[in-house]
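Residue strings, one per chain:
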Amino acid sequence: MAIQTAGEQKYYDLIEEKAKKMRTAMIIWISFLALALISVFSNILLGAVFGALGVFLAVRNRKEQKEMDKELERAGDKTEFFNQLIAPDALEVPDFQLIVTRDYIVQCTKEKLYIRPRSEIKSKDIATEKGTKVLILTDQNGIRHEAARAKKKDAAAFDKICRALQAEE
């Protein structure tokens, strides 16, 4: 997908680390499949092992890509979503890989991308655990999601996120 707007650029900047990880994984599984093809001529068993490993990694990588695409679909109107990412009232907190917009809370962790419509958030709680503040969002189904975790050095950014979320209530 070609980047056409500033909002799309901001979204891809947010997911850049995860996207790099997925591209690297793709290179690895393609390499395993190529190695399997080469190995099958000298040792069929070794070729089969490399092939199986390559297929396993390919399936896993494709599953991650589909999950990211599915998460972006949660935003509904993508044009409006991308416009909100660049709106002046959007709060971007790079330390937490988090963007808070008028209608969405967007977070990209090492494991997963989360696009949470604010209308689905029932409550916002702040917990303290071993000197660390934790922002927990509870959705309409009662499922709790950790949105941010801050130690003392990140307290200012954490408080900024909390203020932005409280402003809408």
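Please refer to the structure placed before this passage.
Conventions and cut-offs
- Note that residues are indexed from 1 along each chain, following the sequence as it is written.
- A pLDDT threshold of at least 70 governs which residues receive local features in this predicted model, and a stricter bar of 80 or more applies before side-chain atom pairs are shown or counted, although totals over entire chains, interfaces and linings include all residues.
- Here the side-chain values reflect all heavy atoms present in the structure, with hydrogen atoms and water set aside.
- Any two strands with at least two DSSP-identified bridges between them are counted as paired.
- Numbering of helices and strands runs from the N terminus; a helix is a DSSP stretch of H or I covering at least four residues, while a strand is a stretch of E covering at least two.
- Each axis is a line fitted through C-alpha atoms, and for a helix only the stretch in contact is used; angles between axes span 0 to 180 degrees, taken between their N-to-C directions.
- Contacts are residue-level and defined by heavy atoms, with any inter-residue pair within 4.5 Å sufficient.
- The term salt bridge refers to a side-chain nitrogen of Lys or Arg lying within 4 Å of a carboxyl oxygen of Asp or Glu.
- Partly exposed residues are those whose accessible area sits between 20% and 50% of the maximum for their type, while under 20% is buried and over 50% is exposed, using a 1.4 Å probe and protein chains only.
- Note that patches include only residues with greater than 30% relative accessible area and no salt bridge, and the join distances are 9 Å for like charges and 5 Å for nonpolar side chains (Val, Leu, Ile, Met, Phe, Trp, Tyr).
- Only the protein chains shown count as cover for residues, and the accessible areas themselves come from Shrake-Rupley with a 1.4 Å probe.

Visitor: Please set out the sheet that holds strand β7 (residues 144–150) residue by residue, giving values where relevant.
Guide: In space, the three strands of this open sheet follow the order β5-β6-β7, with antiparallel pairing throughout. Looking at the sheet topology across the chains shown, the edges are occupied by β5 (121–129) and β7. Taking each pair of neighbouring strands and ignoring which way they run, the sheet shows an average axis angle of 20°. Examined bridge by bridge, strand β6 (residues 132–139) and β7 share six bridges and lie antiparallel to one another. Bridge pairing links Ile-136 to Glu-146 in β7.

Visitor: Go over the sheet that holds strand β3 (residues 104–108) with me, naming the residues and quoting the values.
Guide: The strand order β1-β2-β3-β4 describes an open sheet built from four strands, whose pairing is antiparallel. At either end of the open sheet lies a strand with only one pairing partner, and these are β1 (91–93) and β4 (113–117). Each adjacent strand pair in this sheet contributes to an overall mean axis angle of 10°, direction not counted. Summarising the sheet, β1 and strand β2 (residues 98–100) pair through three bridges and their orientation is antiparallel. Residue pairing in the sheet places Glu-92 in a bridge with Ile-99 of β2.

Visitor: Go over the side chain of Thr-138 with me, naming the residues and quoting the values.
Guide: Structurally, Thr-138 is set in strand β6. Not counting residues up to four positions away in its chain, the partners in contact with Thr-138 are Glu-120, Ile-121, Lys-122, Ser-123, Asp-125, Ile-143 and Arg-144.

Visitor: Residues and numbers for the pattern of salt bridges, please.
Guide: Counting across every chain of the model gives 11 salt bridges. Residues Lys-18 and Glu-64 are paired through a salt bridge, measuring 3.0 Å at the closest nitrogen-oxygen approach. Here Glu-64 lies in helix α3 (residues 44–73) and Lys-18 lies in helix α2 (residues 16–39), a separation of 46 residues in the sequence. Accessibility expressed as a relative area gives 5% for Lys-18, which makes it buried. One network of salt bridges, in which partners are shared, links Glu-71, Arg-74 and Glu-120.

Visitor: Describe a nonpolar patch on the surface, naming the residues involved and giving the relevant values.
Guide: On the surface, a cluster of nonpolar side chains totalling about 470 Å² of accessible area is made up of Leu-37, Val-40, Phe-41 and Ile-44. In this structure, Phe-41 sits in the loop between α2 and α3. Phe-41 gets classed as exposed once you look at its relative accessible area, which sits at 72%.

It is worth stressing that arrangement in space is one thing and function is another; only the former is reported here.
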